[in-house]
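Residue-level listing of the chains:
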Amino acid sequence: MRKRIIIALALLALAIPFILYGTQSEFSGNRVKSREQYILEFERMNQEDSHALALHEGDTLSVEFAIDRGRVDLFIGMAGEEALYRGNDIDSGSFVLTAPKDGDYQITIQAKHAAGYIRINAPGSA
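Being a predicted model, the structure only gives us computed values, none of them experimental. Each chain carries its own residue numbering, running from 1 in the direction its sequence is written. Selection of residues for local features in this predicted model requires a pLDDT of at least 70, selection of side-chain atom pairs for listing and counting requires 80 or more, and totals for whole chains, interfaces and linings are taken over all residues. For the side-chain quantities, the full set of heavy atoms in the structure was used; hydrogens and water were omitted.

Attention now moves to unusual backbone geometry. A positive phi angle, near 55°, is found at D89, a position not held by glycine. Secondary structure elements follow DSSP: runs of H or I of four or more residues count as helices, runs of E of two or more count as strands, with numbering from the N terminus. Here D89 lies in the loop between β5 (85-87) and β6 (92-98). What makes D89 partly exposed here is its relative accessible area of 43%. Positive phi values are uncommon outside glycine, yet H113 reaches one of about 50°. Examined against the element boundaries, H113 turns out to sit in strand β7 (residues 103-121). With a 1.4 Å probe rolled over the protein chains alone, any residue whose accessible area is under 20% of its type maximum counts as buried; one over 50% counts as exposed, and the rest are partly exposed.

Rendered as structure tokens:
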């Protein structure tokens, strides 16, 4: 019985670094947050990041992304409203969204051991 407890503790001790690595917040790359754009280009990302863009009804958001590895979830919408876009485990794509009304649109990215880029441009951006 004592031998089993020692083996179980040893296995737990070996597993702890892997468990901690999986939950550790990390970002290595470039980040641009302005009134006109939100750009993330990352070699390593294991965290949540967000940015708000003020849009007027009819304004468009140009969205482009390519994820090389890991998991990335993308949300675009206004607080308390139905999401304009929700992508779970996105890989690559590009599209245009139109703001249905004036307001601050929250963009949230959740990444888990990911690499790639996400570029979101609003009116007036280059």
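That covers the picture; the talk isn't over yet.
Only centres within 6.5 Å qualify two rings of Phe, Tyr or Trp (six-membered ring in Trp) as a pair; their planes then separate them into stacked at under 30 degrees, edge-to-face at over 60, and tilted for everything else. In this structure the tally under the stated criterion is two aromatic pairs. Aromatic pair F65 and F95: ring centres 6.2 Å apart, planes at 75°, arrangement edge-to-face. Here F65 is found in strand β4 (residues 60-77), whereas its partner F95 is found in strand β6, with 30 residues between them in sequence. According to the relative accessible area criterion, F65 is buried, its value standing at 6%.

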